[in-house]
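Summary of structural features
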Amino acid sequence: MSDDPYQQLQEFLDQFPLGFPRTASGIEMDILKRLFTEEEASIAVLLTPALEQASQIAERAGLQEKDIETRLDAMARKGLVFRIRRGGKALYRAAPFMIGLYEYSVKKIDKELAALFQAYYETAYLQELGASDVPGFKVLPVEENIDGGTVLLPFHKLKESIRSARKIAVADCVCRKEARLAGHGCSYPTETCLSFGAAAEYYIENGMGREITADEAVRIVEEADRAGLVHAGANAKHLSNICNCCPCCCASMKGITKKGHDKHKYLNALFEAVVNDQTCVACGLCAERCPVGAIEVRDLAEGDRQKCLGCGLCATECPSRAISLRLREDREEPFERALDLGVAILEGKRRRLGSAAGG
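For the structure given in this document, a descriptive report is provided here. (Residues numbered from 1 in each chain as written. Predicted model: local features only at pLDDT ≥ 70, side-chain atom pairs only at ≥ 80, totals over all residues. Heavy atoms only, no water.)

Attention shifts here to the side chain of Arg-176. The residue Arg-176 is located in helix 9 (residues 174-181) in this model. Within the buried set, Arg-176 has no salt-bridge partner at all; the shortest N-O distance to an opposite charge, 8.6 Å, is to Asp-172. Leaving out residues up to four positions away in the same chain, Arg-176 has contacts with Cys-186, Tyr-188, Pro-189, Thr-190, Thr-192, Leu-229, Asn-244, Cys-245, Cys-246 and Cys-249. (Helix = DSSP H or I, 4+ residues; strand = E, 2+ residues; numbered from the N terminus. Buried < 20%, exposed > 50% of the residue type's maximum accessible area, 1.4 Å probe, protein only. Lys, Arg positive; Asp, Glu negative; His and termini not counted. Salt bridge = Lys/Arg side-chain N within 4 Å of Asp/Glu carboxyl O. Contact = heavy atoms within 4.5 Å.)

Structure below.
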């Protein structure tokens, strides 16, 4: 094993479901050196994906508990480790690159870091995001666009899930901030990234986002919907986050819209758009609204279900209300827990690596 703390950290981060692969250029090291001091890099690799008290980490590493706790608290404030508080005690776990270090850089990202992130995305990370063929995110439309006769389970209901959250935070979209700093951003709203529960507590406590009410969160989603943003959260039944994604800057959406990749690499489409032939007036607004080019308008609007994300943006602005959403009969339901999603991504990567080696 290398004595270089940054190389050790790169190898450590690469073990997560969404890893942190090495590149020929070494740009991943440049990112780590911008985010971590050498000491912080050495401390980060002492953590695990499970929440632990400082005493547990200190005992395993042979360090003083008070010393490690002070350093971990400082790293949490910088978005380098994840921390929550339960029963008056702080609990810590390692932060992967995504969702983690990348998103937690939202307040400190500058032109230099934005350029590094973009170069790494093009060099290695887009491939890493789609390496397992297990979508990391699910798409959830607003309920108003879903066919009234559809029987929905709780995790299919976006607004209801928001209203049941015990803590909610909103932060700027780091993808759009990155693009704007790099000189090719868009005009979509920026303060649109929602987190819930423990994730929200982390954002609020460390100044990365602000606490909001459920009504404010629903209003943000509604405004994002009208603006043409796709609502996507981690592909698990528990609601931990909602990203309101644009087709031009979002790390996952860019793989579909700019690289021509199949949506399933990144996004789990639970719903699909259905056009009512009797009420469609072929105005073309739906085709303009679709972020992935899944609709063509001839005599009537026609959807391509292979491309359709089930986001409902076409239905939001349909003047004749000719479009609604229904659950796909061949849908893949979200995973029970984020842990199950992570295991599936790791297994998918191993399976595809094995197939490539065998082929």
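Attention shifts here to the packing of aromatic side chains. Tallying each qualifying case throughout the model produces 13 aromatic pairs. An angle of 85° between the planes, with centres 5.7 Å apart, marks the rings of Phe-12 and Phe-16 as edge-to-face. Grouping aromatic residues by their ring pairs yields a cluster made of Phe-20, Phe-97, Tyr-102, Phe-117, Tyr-120 and Tyr-125. Looking at Arg-93, its charged tip hangs above the ring of Phe-82, at a distance of 4.3 Å from the centre. It is Lys-254 that lies over the ring of Tyr-121; its NZ or CZ is 4.1 Å from the centre. (Phe/Tyr/Trp six-rings, centres within 6.5 Å; stacked < 30°, edge-to-face > 60°. Lys NZ or Arg CZ within 6 Å of the ring centre and 35° of its normal.)

Running from N to C, helix 4 (residues 54-61) and helix 5 (residues 65-77) cross one another at 115°; their axes reach a closest spacing of 9 Å. In the crossing of helix 4 with helix 5, the sense of the turn from one axis to the other is right-handed. In contact with Ala-54, Ser-55, Ile-57 and Ala-58 of helix 4, helix 5 contributes Glu-65, Ile-68, Glu-69 and Leu-72. Its residues placed into classes, the contact of helix 4 with helix 5 shows five nonpolar, one polar and two charged. (Axes fitted to C-alpha atoms, helices over the stretch in contact; angles between N-to-C directions. Left-handed = near helix turned anticlockwise from the far one by under 90°. Nonpolar A, V, L, I, M, F, W, Y, C, P; charged D, E, K, R; others polar.)

Grouped together as the largest cluster of nonpolar side chains are 93 residues, with contacts concentrated most on Phe-36, Phe-97 and Leu-267. Element by element, the count of residues in this core is highest for helix 7 (residues 111-129), at 10 residues. In this view, Phe-36 contacts Tyr-6, Leu-9, Ala-41, Ala-44, Met-75, Leu-80 and Leu-101; residues no more than four positions away in its chain are not counted. Judged by nonpolar contacts, the second largest core, of 21 residues, contains Val-142, Leu-152, Val-170 and Ala-217. (Core = buried A, V, L, I, M, F, W, Y, C linked by side-chain atoms within 4.5 Å.)

Pairing between side chains of opposite charge can happen when their charged atoms approach one another. This model, assessed by the stated rule, comprises 28 salt bridges. Residue Glu-40 is joined to Lys-78 by a salt bridge in which the shortest nitrogen-to-oxygen separation is 2.8 Å. In this pair, Glu-40 is assigned in helix 3 (residues 38-44) and Lys-78 in the loop between helix 5 and strand 1 (81-86), connecting sequence segments 38 residues apart. A salt bridge links Arg-60 to Glu-52; the shortest N-O distance between them is 2.7 Å. Residue Arg-60 is classed as partly exposed on the basis of its relative accessible area, which comes to 44%. Judged by relative accessible area, Glu-52 falls into the buried class, the value being 9%.

The contact between helix 7 and helix 9 brings their axes to 8 Å, and the two run at 105°. Looking at the two axes, helix 7 sits roughly perpendicular to helix 9. Along its contact with helix 7, which presents Lys-111, Ala-114, Phe-117 and Gln-118, the element helix 9 presents Glu-178, Ala-179 and Leu-181. Classifying every residue of the contact of helix 7 with helix 9 gives four nonpolar, one polar and two charged. (Parallel < 35°, antiparallel > 145°, perpendicular 65-115°, else oblique.)

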